[in-house]
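Understanding the architecture of this molecule
Listed below, chain by chain, are the residues.
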Amino acid sequence: MRTKSKSGRVFELPSDQEESDINKGIAGDPDTRELTDGEFQQLRPLGRPKAEVTKERITIRLSPEVVEQFRATGSGWQTRMDKALQEYLKTHTQSEVERLG
């Protein structure tokens, strides 16, 4: 049977016969078993947890000196760059920012 996920991905589910064959295989293998509902509840989702506040993905051109200096600070340099820009915006008006361009 063909079905669609919430994200729109289409995939095939096993037929009743295939599901029966799979379950027989599980039952006949001493090294595996079907997880209980409680065990399924304890599984962690894959990937990173969703952030409360998400950032916008953009493309930006920066001078090599700026990128080099932030990259030299190690892992997380993009976050530090974002914080530096936030700090700048706290101390400068919009007209001051516009004059930079």
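Residues numbered from 1 in each chain as written. Predicted model: local features only at pLDDT ≥ 70, side-chain atom pairs only at ≥ 80, totals over all residues. Heavy atoms only, no water.

**Thoughts on the overall build of the protein chain**
Per the secondary structure count, the protein chain includes 5 helices and 2 strands. Listing each helix as α and each strand as β along the protein chain from the N terminus yields β-β-α-α-α-α-α. Against the 2.2 N^0.38 benchmark of 13 Å for 101 residues, the protein chain shows a C-alpha radius of gyration of 26 Å, more extended than a compact globule. The principal-axis extents of the C-alpha atoms in the protein chain amount to approximately 70 × 30 × 25 Å. Expressed as a percentage of the 101 residues in the protein chain, the buried residues total 3%. (Helix = DSSP H or I, 4+ residues; strand = E, 2+ residues; numbered from the N terminus. Rg over C-alpha atoms; globule rule 2.2 N^0.38 Å. Buried < 20%, exposed > 50% of the residue type's maximum accessible area, 1.4 Å probe, protein only.)

**As for the environment of Ala84**
Here Ala84 is to be found in helix H4 (residues 77-91). What makes Ala84 partly exposed here is its relative accessible area of 37%. In this structure the C-alpha to C-alpha distance between Ala84 and Glu52, which are 32 residues apart in sequence, comes to 21 Å.

**A short note on the pattern of salt bridges**
Counting across every chain of the model gives 4 salt bridges. The residue Arg33 makes a salt bridge to Glu39 at a minimum N-O spacing of 2.8 Å. For the salt bridge of Lys55 with Asp82, the shortest nitrogen-to-oxygen distance reads 3.9 Å. With Lys55 in the loop between helix H2 (37-42) and helix H3 (64-71) and Asp82 in helix H4, this pair connects stretches of sequence that are 27 residues apart. (Salt bridge = Lys/Arg side-chain N within 4 Å of Asp/Glu carboxyl O.)

**Here's the deal with the environment of Thr3**
When you line up the elements, Thr3 lands in strand E1 (residues 2-4). When its relative accessible area of 27% is taken as the criterion, Thr3 is described as partly exposed. For the pair formed by Thr3 and Leu13, sequence separation is 10 residues and the distance between their alpha carbons is 7.1 Å. Residues contacting Thr3, with those up to four places away along its chain left out, are Arg9, Val10, Phe11 and Leu13. (Contact = heavy atoms within 4.5 Å.)

**Some thoughts on the confidence of the model for the protein chain**
Per-residue pLDDT for the protein chain has a mean of 91; in total, 100% of the residues score no lower than 70. No element of the protein chain has a lower mean pLDDT than E1, at 87, and none a higher one than H3, at 96. (pLDDT = per-residue confidence, 0-100.)

**What about the packing of H3 against H4?**
Running from amino to carboxyl end, H3 crosses H4 at an angle of 115°, the nearest separation of the two axes being 9 Å. The element H3 and its partner H4 pack so that their crossing is right-handed. Touching Val66, Val67, Phe70 and Arg71 of H3 are Trp77, Arg80, Met81 and Ala84, all from H4. When the residues that make up the contact of H3 with H4 are grouped by side-chain class, the tally is 6 nonpolar, no polar and 2 charged. (Axes fitted to C-alpha atoms, helices over the stretch in contact; angles between N-to-C directions. Left-handed = near helix turned anticlockwise from the far one by under 90°. Nonpolar A, V, L, I, M, F, W, Y, C, P; charged D, E, K, R; others polar.)

**Considering a negative patch on the surface**
On the surface, Asp16, Glu18, Glu19, Asp21 and Glu34 cluster together into a negatively charged patch. With respect to the helices, strands and loops of the structure, Glu34 is situated in the loop between helix H1 (16-28) and H2. (Patch = residues over 30% accessible without salt bridge, like charges linked within 9 Å, V, L, I, M, F, W, Y side chains within 5 Å. Areas by Shrake-Rupley, 256 points an atom, 1.4 Å probe, with all protein chains shown as cover. Lys, Arg positive; Asp, Glu negative; His and termini not counted. Charge placed at Lys NZ, Arg CZ, Asp CG, Glu CD.)

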